[in-house]
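Read off the chains here:
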Amino acid sequence: MSTAQARPDHARTVLVTGASRGIGAALCRALAADHRLVAVGRDAAALRAVVRDCPSARVVEADLTTGEGVARAAADLPALHGLVHCAGVADLGRIDGSTPDEWRRAFEVNVLAVVELTRALLPALRAAGGHVVVINSGAGITAKPGWGSYSASKFALRAVTDTLRAEEPDLRVTSIHPGRVDTDMQRAIVAAEGGRYDPAAFLTPGSVAAAVRQALLAAPDAHPTEVILRPRPTEPAGPPDPVCPPPGVS
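Residues numbered from 1 in each chain as written. Predicted model: local features only at pLDDT ≥ 70, side-chain atom pairs only at ≥ 80, totals over all residues. Heavy atoms only, no water.

Asks: Explain the overall build of the chain to me, please; I cannot follow it from the model alone.
Replies: The helix and strand tally for the chain stands at 8 helices and 7 strands. Residue pairs in contact within the chain that sit at least 24 positions apart in sequence constitute 68% of those at least 6 positions apart. Entry remark: accessible area of the chain is about 11,600 Å², with carbon and sulfur atoms responsible for 53%. (Helix = DSSP H or I, 4+ residues; strand = E, 2+ residues; numbered from the N terminus. Contact = heavy atoms within 4.5 Å. Areas by Shrake-Rupley, 256 points an atom, 1.4 Å probe, with all protein chains shown as cover.)

Below you can see the structure in the form of structure tokens.
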């Protein structure tokens, strides 16, 4: 039986941002069999490759830091069961060496884009009694040297999700806080740190996607408000894994 044949007519619609790579791409694959997907990102070709086995998926090429991009992503969705924010950026650097543009970029992508798209989709989410899931980070709980703009944006994002949860009691709002994840962006970060890249030291995108799927499929009487994930050591214990993100850039 094909995926299209197996999917029930009442499948839930979920919009995923940052869907072209990393956690967003893994989540699209994890939801493909039993959800209708709206895959949003800035690389249409990469999005199509991710959802090629998802017959019901709709690809939306959009820059969510612009009003036009937000409007395009939110169009034609009278009801939305799930909204998962996976897009994010991270720039390494000490505060004394960072620039205003780096801080603006962190807040525009990691906070304002989330706020604007959520606000645009609130009518559709309310209509379905929907669920908002935000991929935050360990850096949204503990700030580390060299991660100032990223941590500040993720602390702000945590405040946004806590506020939304209180303001919209008919919706479920979940904040996911993963530690480091094995992504292309993580490779660049480790290189910038001067370290040796070991994929086994990090979470896989699929592991984070599985946690998101579990949250989305929680029983109606359950409200998963915050999920914290850390890499599980695969070798004898050594120095603790730093509580730093990021989920990746999409």
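Asks: Sorry if this is basic, but what is going on with the layout of surface pockets here?
Replies: Rolled over the atoms, a probe sized like a water molecule indicates the empty space that remains. The calculated volume of the second largest pocket comes to roughly 190 Å³. Forming the walls of the second largest pocket are 15 residues, and the residues nearest its centre are V115, T118, V160, L164 and E167. For the lining of the second largest pocket, the secondary structure elements donating two or more residues are α5 (100–128), β5 (131–135) and α6 (148–167). When residues of the lining of the second largest pocket are assigned to their parent elements, the largest contribution, 6 residues, is made by α6. Classifying every residue of the lining of the second largest pocket gives 8 nonpolar, 4 polar and 3 charged. (1 Å grid on protein atoms, 1.4 Å probe; cavity = no way out; pocket = protein on both sides within 12 Å on 5 of 7 lines; lining within 4 Å. Points joined across faces, edges and corners; volume = space filled by probe spheres on them. Nonpolar A, V, L, I, M, F, W, Y, C, P; charged D, E, K, R; others polar.)

Asks: In this structure, what is going on with the packing of α5 against α6? I would like to understand it.
Replies: Closest axis-to-axis distance for the α5/α6 pair is 7 Å, and the angle between their directions is 20 degrees. Taken as axis vectors, α5 and α6 run roughly parallel relative to one another. The way α5 lies across α6 gives a crossing that is right-handed. For the pair α5 and α6, contact is made by E102, W103, A106, F107, N110, V111, V114, V115, T118 and L122 and by G148, S149, Y150, A152, S153, K154, A156, L157, V160 and L164, respectively. Of the residues that constitute the contact of α5 with α6, the class distribution is 13 nonpolar, 5 polar and 2 charged. (Axes fitted to C-alpha atoms, helices over the stretch in contact; angles between N-to-C directions. Parallel < 35°, antiparallel > 145°, perpendicular 65-115°, else oblique. Left-handed = near helix turned anticlockwise from the far one by under 90°.)

Asks: What exactly am I supposed to notice about the packing of aromatic side chains here?
Replies: The geometry of two aromatic rings is summed up by the distance between their centres and the angle between their planes. Here the structure, examined in full by the defined rule, presents 1 aromatic pair. A centroid spacing of 5.9 Å and a plane angle of 70 degrees characterise the contact between W147 and Y150, whose relative ring orientation is edge-to-face. In this structure, W147 and Y150 share a single accessibility class: buried. (Phe/Tyr/Trp six-rings, centres within 6.5 Å; stacked < 30°, edge-to-face > 60°. Buried < 20%, exposed > 50% of the residue type's maximum accessible area, 1.4 Å probe, protein only.)

Asks: Can you walk me through the pattern of salt bridges in this structure?
Replies: Enumeration over the complete set of coordinates arrives at 9 salt bridges. The closest approach of N and O atoms between R72 and E68, which form a salt bridge, is 2.9 Å. One end of the pair, R72, and the other, E68, are both in helix α4 (residues 67–74), 4 residues apart, so they sit about a helical turn from each other. The exposure class of R72 is partly exposed, given its relative accessible area of 37%. Note on E68: relative accessible area 57%, which makes it exposed. (Salt bridge = Lys/Arg side-chain N within 4 Å of Asp/Glu carboxyl O.)

Asks: Could you clarify how one ought to interpret the packing of helix α2 (residues 22–31) against helix α8 (residues 205–216) in this entry?
Replies: Relative orientation and spacing of two packed helices are given, respectively, by the angle between their axes and the distance between those axes. Close contact between α2 and α8 brings their axes to 8 Å; oriented N to C, the two are set at 55 degrees. Comparing their axes, α8 and α2 come out oblique. Crossing hand, α2 versus α8: right-handed. Two secondary-structure elements touch here, α2 through G22, I23, A26, L27, A30 and L31 and α8 through P205, G206, V208, A209, V212, R213 and L216. Classifying every residue of the contact of α2 with α8 gives 10 nonpolar, 2 polar and 1 charged.

Asks: I keep staring at the sheet that holds strand β6 (residues 172–178) and nothing clicks. Help me out?
Replies: Two orientations exist for strands paired in a sheet by backbone hydrogen bonds: parallel and antiparallel. Here 7 strands make up an open sheet; going across it, the order is β3-β2-β1-β4-β5-β6-β7 and the pairing parallel. Looking along the sheet, the strands with just one partner apiece sit at the ends: β3 (58–61) and β7 (226–229). Direction aside, the axes of adjacent strands within the sheet are offset by 15 degrees on average. Here β6 runs beside β7; their pairing, made up of 4 bridges, is parallel. (Pairing = 2+ DSSP bridges.)

Asks: It is not clear to me how α5 should be interpreted in this structure. Could you clarify?
Replies: Note: α-helices contain 3.6 residues per turn, so residues at a spacing of three or four share the same orientation. The terminal C-alpha atoms of α5 lie 40 Å apart, and with 29 residues this matches the ideal 42 Å at 1.5 Å per residue to within 8%. Residue L122 marks the point of greatest curvature in α5, where the axis turns by about 55 degrees; the proline P123 follows within four residues. Looking at α5, one finds that the buried residues are A106, V109, N110, V111, A113, V114, L117, T118, L121, L122, A124 and L125. Of the surrounding secondary structure, the elements contacted by the buried residues of α5 are β1 (12–16), α4, β4 (82–85), β5 and α6. Following α5 by one or two positions, G129 has its phi on the positive side, about 60 degrees. (Expected span 1.5 Å × (residues − 1). Bend = angle between axes of the 7 residues up to and from the residue.)

Asks: How should the nonpolar core be read in this particular structure?
Replies: Buried together is how nonpolar side chains tend to be arranged in soluble globular proteins. Ranked by internal contacts, the top residues of the largest apolar core, which has 29 residues, are L27, V84, V208 and V212. Of all the elements in the fold, those that place two or more residues in this core are β1, α2, β2 (35–41), α3 (44–50), β5 and α8. Listed in part, the 25 residues of the second largest apolar core include V70, L122, A124 and L164. (Core = buried A, V, L, I, M, F, W, Y, C linked by side-chain atoms within 4.5 Å.)

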